[in-house]
Amino acid sequence: MDVTTPTNERPGPVLEEQDGLMPDLPVPSLVASDESSPELPPIVSPGLEDKPFDLNAAPRLPECWGHRGASANFPENTLMSFVEACKAGADGIETDIHMTSDDELVMFHDPELHRTTDGKGRLHEQPWKGVLEHVRTLEQPAQPIPRFAQLLDLLQQPENAHVKVNIDCKVENDPVRLFTLIRAELERRPDWETTLAPRLILGLWHPKFLEPAMTLLAPLQRFCISMSLSQVRQYFWACTGFSVYYPLLLGAEGEKFRLECAAAGKKICTWTVNEREEMLQCVRWGVYSVISDRPELWRQLKRDIAGDAKVAKPTFWNETVLPYLTYRNWWFDTRAKERFETEYLEREGGKFFVPLTPPLEAVDPVGPAGGVQPLRPSQLV
């Protein structure tokens, strides 16, 4: 059968198979071309492009709140640690509050005494007088447990007139009893609503604290403390701000949350930020405050930024790669911690629920005739 060669192909020599082998093919000669190759634009990864960065146009530098004081170098949640945080230039102090069996308010983290002190047992089951007043920290130099009244005294010293306090309200406490005692201590101080209230922030882990806080301590800001962005949105969006676990602010979900907060005028605080690069990332994000064991490191970082704003410039490395060299920033670790924390909070404080958000002032039908009284927490459920 005749086969016509297509017009776009040139017939070549016919190669015949000999003894089952194909003959050697001729090697074409290599001749340099007189034409130059076309120029191609340089290929640059989008993540590596030089991003414009103007620190002066960015939000203000975050505040730094000393985590349990200056706890990297001094016994945590002690008056010594609080004083040293102030001396290191901290803008605020983050601390925790519990009640004793005889209604003394003390600044202490754990529900039990043994991890950080020479005491034993659960704190709220023991009295201050004669027992807890004699407990001392295991870390040296040994320090007593500070009382809330002592912390307020520290805030009222002239040199600390700018210092804020973020009060982590532990879920083991009864919120009505706790906030009644806090208010009673505040009311012992003249002009507390103008000199102290603007600097006190209630940190709330459980929704059951929201309504009592709004009625008993209305002048104080309320920050949700959480390891879950979904819980923040569902239960705590009425708060002034959100104190969230640092890894939650990374990645696409973290960016989405930060944009939501910016649009709603909500403040973001994040914890616990002890590394220089994480502090710089908080500067780039424009968060309201960072909670750190190392306020002295933050003070040095602010000096560095003041000397050269490019210190905080974002790069592909510090925004995309470096965060995930740390195990705690991986999603599976944060999810595991979120589940653990939620189980603990609901075991100690009951199931989460969406709280009512009544006006801060409402007529109490059982109050004095013609008087306007805040609703009692028992009337809000």
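Residues numbered from 1 in each chain as written. Predicted model: local features only at pLDDT ≥ 70, side-chain atom pairs only at ≥ 80, totals over all residues. Heavy atoms only, no water.

You'll find the chain entered in an unreviewed UniProt entry as GP-PDE domain-containing protein, with Trichosporon asahii var. asahii given as the organism.

**Q** Can you explain the packing of aromatic side chains? Please cite residues and give values.
**A** Summed over all chains, the structure comprises 15 aromatic pairs. Aromatic side chains W65 and F223 sit 6.2 Å apart centroid to centroid with 45° between the ring planes, which places their arrangement in the tilted category. You can see W65 sitting in strand β1 (residues 63–67) and its partner F223 sitting in strand β6 (residues 221–226), a full 158 residues away along the chain. For W65, a relative accessible area of 1% puts it in the buried group. Between F179 and F209, the aromatic rings sit 6.0 Å apart at their centres with planes inclined by 70°, giving edge-to-face as the arrangement. Residue F179 is located in helix α3 (residues 175–187), and its partner F209 is located in the loop between β5 (200–204) and α5 (210–216); the two are separated by 30 residues in the primary sequence. What makes F179 buried here is its relative accessible area of 0%. Stacked on the ring of Y288, the Lys or Arg K267 has its end atom at 4.6 Å from the ring centre. (Phe/Tyr/Trp six-rings, centres within 6.5 Å; stacked < 30°, edge-to-face > 60°. Helix = DSSP H or I, 4+ residues; strand = E, 2+ residues; numbered from the N terminus. Buried < 20%, exposed > 50% of the residue type's maximum accessible area, 1.4 Å probe, protein only. Lys NZ or Arg CZ within 6 Å of the ring centre and 35° of its normal.)

**Q** Can you break down empty space enclosed by the protein residue by residue, with the values?
**A** Within this structure, the stated rule accounts for two cavities of 30 Å³ or more. The calculated volume of the largest cavity comes to roughly 80 Å³. As for the largest cavity, its lining consists of E76, N77, T78, F108, H109, D110, R115, T116, T117, T137 and I145. Its residues assigned to classes, the lining of the largest cavity comprises two nonpolar, six polar and three charged. (1 Å grid on protein atoms, 1.4 Å probe; cavity = no way out; pocket = protein on both sides within 12 Å on 5 of 7 lines; lining within 4 Å. Points joined across faces, edges and corners; volume = space filled by probe spheres on them. Nonpolar A, V, L, I, M, F, W, Y, C, P; charged D, E, K, R; others polar.)

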